Structure formats: structure tokens, C-alpha cells
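Chains, contacts and geometry: an overview
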Amino acid sequence: AQSVAQPEDQVNVAEGNPLTVKCTYSVSGNPYLFWYVQYPNRGLQFLLKYITGDNLVKGSYGFEAEFNKSQTSFHLKKPSALVSDSALYFCAVRDGGGGSYIPTFGRGTSLIVHP
Amino acid sequence: DSGVTQTPKHLITATGQRVTLRCSPRSGDLSVYWYQQSLDQGLQFLIQYYNGEERAKGNILERFSAQQFPDLHSELNLSSLELGDSALYFCASSLTGTNTGELFFGEGSRLTVL
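Residues numbered from 1 in each chain as written. Chains lettered and ligands numbered in written order. Predicted model: local features only at pLDDT ≥ 70, side-chain atom pairs only at ≥ 80, totals over all residues. Heavy atoms only, no water.

1. A word on the sheet that holds strand β3 (residues 19-24) of chain B
Residues and elements named next belong to chain B. Let me state the cut-off plainly: One requirement defines pairing of two strands: DSSP has to find at least two bridges between them. Only runs of H or I of at least four residues qualify as helices and only runs of E of at least two qualify as strands under DSSP, and these elements are numbered from the N terminus. Simply put, an axis is a line fit to the C-alpha atoms, just over the touching stretch for a helix, and the angle between two N-to-C directions goes from 0 to 180 degrees.
Here we have four strands laid out as an open sheet, ordered β1-β3-β8-β7, and antiparallel in their pairing. In the strand order of this sheet, the two ends are held by β1 (5-7) and β7 (64-68), each with one partner. Shown here is a sheet whose adjacent strand axes are inclined to one another by a mean of 15 degrees, direction ignored. As paired strands, β1 and β3 are joined by three bridges and run antiparallel to one another. Across the sheet, residue T7 finds its bridge partner in β3, namely R22.

2. Considerations on the interface of chain B and chain A
Where we set the bar: Any two residues whose heavy atoms approach within 4.5 Å are treated as being in contact. What gets called buried area is simply the loss in accessible area from a 1.4 Å probe that two parts show on being joined, summed for both. Every case where a carboxyl oxygen of Asp or Glu lies within 4 Å of a side-chain nitrogen of Lys or Arg is listed as a salt bridge.
Contacts between the two partners involve 24 residues from chain B, matched on the other side by 19 residues from chain A. Roughly 1700 Å² of surface becomes buried between chain B and chain A when both sides are summed, with 56% attributable to carbon and sulfur atoms. Inspection of the chain B/chain A interface yields two salt bridges. The partner of E102 of chain B in a salt bridge is K49 of chain A, and the shortest N-O contact between them spans 3.7 Å.

3. Some points on the state of the cysteines
Spelled out, the test is: Note on terminology: disulfide denotes any pair of cysteine sulfur atoms within 2.5 Å. For the exposure calls, accessible area comes from a 1.4 Å probe over protein chains only, and a residue counts as buried if that area is under 20% of its type's maximum, exposed if over 50%, partly exposed in between.
In the structure shown here, the tally under the stated rule is two disulfides over all chains. Between the sulfur of C23 of chain A and that of C91 of chain A lies a disulfide, 2.0 Å long from S to S. Here the disulfide of C23 of chain A and C91 of chain A is left-handed, its torsion about the S-S bond being about -60 degrees. In this pair, C23 of chain A is assigned in the loop between β3 (19-21) and β4 (24-26) and C91 of chain A in strand β10 (residues 87-95), connecting sequence segments 68 residues apart. Both residues of the pair, C23 of chain A and C91 of chain A, count as buried. Across the disulfide, C23 of chain B is cross-linked to C91 of chain B (sulfur-sulfur distance 1.8 Å). Where C23 of chain B bonds to C91 of chain B through sulfur, the torsion about that S-S bond is close to -55 degrees, and the disulfide is left-handed.

4. Considerations on the pattern of salt bridges
For the structure shown, the criterion picks out nine salt bridges over all chains. The partner of K78 of chain A in a salt bridge is D85 of chain A, and the shortest N-O contact between them spans 2.8 Å. For the pair formed by K78 of chain A and D85 of chain A, the shared burial category is buried. The salt bridge partner of E75 of chain B is R22 of chain B, with a shortest N-O separation of 4.0 Å. Remark: R22 of chain B occurs in strand β3 and E75 of chain B occurs in strand β8 (residues 74-78); sequence separation between them is 53 residues. Each of R63, E82 and D85 of chain B takes part in salt bridges that share partners, so that together they form one network.

5. Description of the environment of T5 of chain B
Residues and elements named next belong to chain B. Within the element layout of this structure, T5 appears in strand β1. In this structure, the C-alpha to C-alpha distance between T5 and R22, residues 17 residues apart in sequence, is 8.2 Å. Once residues within four sequence positions are removed from consideration, T5 is found in contact with R22, C23 and S24.

Next comes the structure, spelled out in C-alpha cells:
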């Protein structure tokens with residue numbers, strides 16, 4: 001079975017400060033990892049993914065994420081937060097080792113960036 | 001704009017009724033996924049279709065059914081509706097059924113059961 005945990009329901013950060021949204025995962029094979037963002041009354045939008053290769057992945061809107069195999073984590077980061085980054089962020093995982101092809105999503109973390 | 005179209009955007013109905021939600025995938029995508037998003041359950045996978053055939057099934061109730069048509073659009077049918085079925089229903093699409101890439105989500109259909 002595969003699972004994702006986003007330990008924080010909400011993250012608050014001041015504009016201009018760095019932000020981190022945490023994600024840990026569990027899969028039996030190689031993890032394929034994804035981050036999505038959901039703005040109010042909108043669908044989920046893809047931000048970035050890790051399939052293989054460099055552990056630091058860069059994505060849309062200045063976001064990046066670091067894959068850490070030993071800690072089974074894939075935290076989302078941004079060096080300088082913007083008020084417009086305020087949204088709901090979802091981490092997702094699927095088993096790249098031939099298990100379920102369906103990504104499992106975390107419960108989401110609400111990011112609030114204060115002016 | 002993801003290219004995935006869902007209708008209707010909002011739907012209000014009564015308990016016991018039946019509704020149909022429609023999804024048109026991105027041009028060229030063969031696979032369609034249905035998810036249910038609620039405050040207490042998060043984003044739950046319901047069912048996946050690939051090129052007209054059911055590929056994977058998740059936590060879909062027996063009162064719910066879906067299909068994918070030859071033109072690749074998909075419909076999710078919800079019957080004998082209960083208050084607890086109130087949620088946001090998302091459709092997503094991808095090129096293949098076993099992709100390593102991302103899913104493209106529609107903006108959802110918000111169902112309210114009164």
C-alpha cells in the first residue's frame with residue numbers, strides 16, 4: 001500500500017520569508033512524487049514532480065522540492081514567499097515499482113502568507 | 001486552464017435523487033480519473049478509465065457508477081443520494097493509464113445534497 005502524510009494542516013509565513021510545506025510518504029517500490037496547488041474554487045494544478053535523478057526538483061512559480069530517500073520525505077520549498085502563494089498544497093505519491101498506478105494524495109496543507 | 005472541462009460547476013439536489021456529472025478530458029488524453037474531495041476525507045480516488053475501459057477502482061460506493069464513451073468523455077452517475085455525498089467531485093486526465101506524469105484536473109463539480 002502507498003500513503004502520504006502532510007503533518008501540518010496549516011503553515012503561516014510572512015511575505016518574503018522562506019517557506020516549507022512538509023510531506024512524507026510510504027511505498028513499497030520506487031516513489032514517484034508530486035506536488036499540486038489548489039486555489040479557492042479551482043481544480044488542482046501541477047507544480048513539480050520527482051521520478052528519478054537529481055534530488056532537488058524545480059517547478060512552477062519558483063517552487064522546489066527535495067527528495068530525501070532515507071527520511072522518505074519530499075518537502076516543498078520556496079526561498080521567498082508571496083501573498084499570492086496562499087493556497088492549499090497537496091503532496092501525492094504513486095508506486096513506480098509496478099504497484100498501483102493511481103496517485104494517493106495527502107490531506108493537504110493550507111499555506112497562508114501574511115503581508 | 002488545464003484543458004479538462006467539467007459540467008455542471010454547481011448542483012443542488014435532494015436526498016434520494018440521481019445526478020450525472022460530465023467530464024471532457026484534455027485533447028489527446030486517453031485516461032480519466034474521478035476523485036471526491038470533502039473536508040473530512042480529503043481527496044479520495046473513485047475510479048479510473050482508460051480508452052473506454054475501467055482500469056482501476058478506489059473507494060467508490062455501489063450507488064455510484066461511471067463510464068467513458070468512445071469520444072473519451074466520461075460521466076459519473078450518483079444515485080440514491082445522501083447528505084454525506086455532498087462534496088466537490090473532480091475529474092482528471094492523463095495521456096496514458098500508467099503514466100509517470102502529472103494529472104490534469106478540471107475545476108470540479110460541487111454537489112450539495114439537501
